[in-house]
Amino acid sequence: MSKVTMKLDALTCPSCMTKIEGALNKKDGVKNVKVLFNASKVKAEFDDAAVSADDLENTVTDLGYAVQSSKVKAL
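The structure displayed is predicted, hence computed values, not measured ones.

**Quick notes on the overall build of the protein**
Each helix and strand in the protein was counted, giving 2 helices and 4 strands. What you see in the protein, going N to C, is helices and strands ordered as β-α-β-β-α-β. For the protein, whose C-alpha radius of gyration is 11 Å, the value lies close to the compact-globule estimate of 11 Å for 75 residues. Referenced to the eigenvectors of the C-alpha coordinate spread, the extents of the protein come out at roughly 35 × 20 × 20 Å. Taken over 75 residues, the protein has a buried fraction of 32%. For the protein, long-range pairs separated by at least 24 residues make up 65% of all intrachain contacts whose partners lie at least 6 apart in sequence. A total of about 4,300 Å² of accessible surface is found on the protein, and carbon and sulfur atoms cover 45% of it.

Given below as structure tokens:
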């Protein structure tokens with residue numbers, strides 16, 4: 001298991017949170033997703049064997065959000 005924290009360019013509305021959480025939660029291997037609206041961050045726990053941090057980042061960018069930086073940490 002690992003955890004990725006992504007700093008996004010900006011979140012403009014609460015529906016952005018729902019959109020990102022929904023898309024990431026549909027990915028195989030994702031266990032826990034939290035979107036911090038005021039901090040413009042996404043935190044997700046995931047199974048490295050099922051999905052990569054790059055795949056999760058690509059999912060967020062495909063939704064139209066710019067990822068400024070991301071950090072991955074083993075749990």
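**Notes on the pattern of salt bridges**
Within this structure, the stated rule accounts for 1 salt bridge. One salt bridge in this structure joins K27 and D55, with 3.2 Å as the shortest N-O distance. Remark: D55 occurs in helix α2 (residues 53–62) and K27 occurs in the loop between α1 (14–25) and β2 (30–36); sequence separation between them is 28 residues. Owing to a relative accessible area of 24%, K27 belongs among the partly exposed residues under this scheme.

**Some points on the side chain of S40**
Relative to the helices and strands, S40 resides in the loop between β2 and β3 (41–46). For S40, the contacting residues outside a window of four places in its chain are M6, K7, L8, A10 and L11.

**Some points on the environment of Q68**
Within the secondary structure, Q68 sits in strand β4 (residues 67–74). Sequence-wise, Q68 and K7 are 61 residues apart; in three dimensions their C-alpha atoms are separated by 5.5 Å. Excluding anything up to four places from it in sequence, Q68 contacts K7, L8 and D9. A polar contact is formed between the side chain of Q68 and the side chain of D9, at a distance of 3.3 Å.

**Notes on the sheet that holds strand β1 (residues 2–8)**
In spatial order, the strands read β2-β3-β1-β4; together these 4 strands make up an open sheet with antiparallel pairing. Both edges of this open sheet fall to β2 and β4, since each of them pairs with a single strand only. Pairs of neighbouring strands in the sheet enclose a mean axial angle of 15 degrees, with direction left out of account. Note that β1 and β3 share 6 bridges and pair antiparallel. Counterpart to M6 in the pairing with β3 is V42. Sitting on the sheet, α1 is in contact with β1, β2 and β3, with an inclination near 165 degrees to β2. Along the sheet, α2 makes contact with β1, β2, β3 and β4, crossing β1 at roughly 30 degrees.

Criteria and cut-off values
Counting of residues starts from 1 at the beginning of each chain's written sequence and follows it residue by residue. Note on the predicted model: pLDDT of at least 70 is required for a residue's local features to be given, and 80 or more for side-chain atom pairs to be given and counted; whole-chain, interface and lining totals, by contrast, use all residues. The basis for the side-chain values is all heavy atoms of the structure; hydrogens and waters are excluded. A run of DSSP states H or I qualifies as a helix once it reaches four residues; a run of E qualifies as a strand once it reaches two. Both are numbered from the N-terminal end. Radius of gyration means the value over C-alpha atoms here, while the globule rule gives 2.2 Å times the residue count to the 0.38 power. Note on classification: 1.4 Å probe, protein chains only; a residue is buried when its accessible area is under 20% of the maximum for its type, exposed when over 50%, partly exposed between these limits. It only takes one pair of heavy atoms within 4.5 Å for two residues to be counted as in contact. Where accessible areas are quoted, they stem from the Shrake-Rupley method and a 1.4 Å probe; at the residue level, only the protein chains shown are allowed to cover. Salt bridge, as used here: a side-chain nitrogen of Lys or Arg that lies within 4 Å of a carboxyl oxygen of Asp or Glu. Distance and chemistry together define a polar contact, namely a pair of N or O atoms within 3.5 Å, with one atom able to donate a hydrogen and the other to accept it when in protein, and with adjacent residues in sequence counting only for side-chain atoms on both sides. Note on pairing: DSSP must find at least two bridges between two strands before they are called paired. To get an axis, a line is fitted to the C-alpha atoms, and for a helix only the part in contact is used. The angle between two axes follows their N-to-C directions and goes from 0 to 180 degrees.

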